[in-house]
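# A structural walkthrough
One letter stands for each residue in the lines below.
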Amino acid sequence: MLKGFKDFLMRGNVVDLAVAVVIGAAFTSIVTAFTNGLIKPLINAIGGTDAAQGLGFRVLGANESTFMDFGGVINAAINFVLVAGVVYFAIVLPVKHLQERRKRGQESGPAEPTDVELLKEIRDLLRAQQQNGRN
């Protein structure tokens with residue numbers, strides 16, 4: 001039972017997904033703080049209709065809710081690129097190298113079930129079906 005669980009966890013796509021979600025969520029707050037604290041003020045310094053609002057303009061001058069904030073969009077794009085870069089270089093590349101080593105036979109991958117294990121599983125399923133048919 002534990003062997004099967006270990007094999008499940010060692011599949012590349014399961015490990016990739018789990019690590020990416022955890023690292024991405026944790027790292028996003030750091031990147032957001034970096035871009036909001038350092039990058040966005042530089043973008044806002046470029047200007048706009050009001051220095052406090054940043055890079056953008058109001059569609060209707062008297063209505064503040066019509067402000068088109070290009071600085072915020074640029075900031076979000078920078079956030080995405082930084083998080084994607086860290087996830088790629090910290091997670092995807094190492095797992096990819098591990099999978100390549102497995103393909104070359106340098107490291108063993110998840111074990112395949114043997115013929116005997118498969119036959120036992122089929123036998124147990126057939127017994128369960130026969131017992132359900134009698135009830």
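Preceding block: the structure.
Below you will find a few notes about this structure.

Cut-offs used in this document
- Residues numbered from 1 in each chain as written.
- Predicted model: local features only at pLDDT ≥ 70, side-chain atom pairs only at ≥ 80, totals over all residues.
- Heavy atoms only, no water.
- Helix = DSSP H or I, 4+ residues; strand = E, 2+ residues; numbered from the N terminus.
- Buried < 20%, exposed > 50% of the residue type's maximum accessible area, 1.4 Å probe, protein only.
- Contact = heavy atoms within 4.5 Å.
- Areas by Shrake-Rupley, 256 points an atom, 1.4 Å probe, with all protein chains shown as cover.
- Expected span 1.5 Å × (residues − 1).
- Bend = angle between axes of the 7 residues up to and from the residue.

Take the overall build of the protein next. In terms of helices and strands, the protein carries four helices and two strands. Out of the 135 residues belonging to the protein, those deemed buried represent 16%. For the protein, contacts bridging at least 24 residues in sequence account for 45% of all contacts bridging at least 6. A total of about 10100 Å² of accessible surface is found on the protein, and carbon and sulfur atoms cover 66% of it.

Between its first and last C-alpha, helix H3 (residues 70-104) extends 49 Å over 35 residues, near the 51 Å set by a 1.5 Å rise per residue. Tyr-88 marks where H3 bends most, by close to 35°. Of all the positions in H3, only Gly-71, Asn-75, Asn-79, Val-83, Val-87, Ile-91, Val-95 and Arg-102 are classed as buried. Gly-105 lies just past H3 and shows a positive phi near 90°.

By secondary structure assignment, the location of Asn-79 is in helix H3. Discounting residues that sit within four places of it in the chain, Asn-79 has contacts with Val-31, Thr-32 and Thr-35.

Okay, the side chain of Asn-75 next. Its place among the elements puts Asn-75 in helix H3. Those residues in contact with Asn-75 that sit more than four places away from it in its chain are Thr-35, Asn-36, Lys-40 and Ile-43.

Moving on to the environment of Pro-41. In this structure, Pro-41 sits in helix H2 (residues 12-45). With a relative accessible area of 40%, Pro-41 lands in the partly exposed category. Distance in space between the C-alpha atoms of Pro-41 and Leu-55 is 9.8 Å, their sequence separation being 14 residues. If near-sequence neighbours (up to four positions away) are discounted, Pro-41 is found in contact with Thr-35 and Asn-36.

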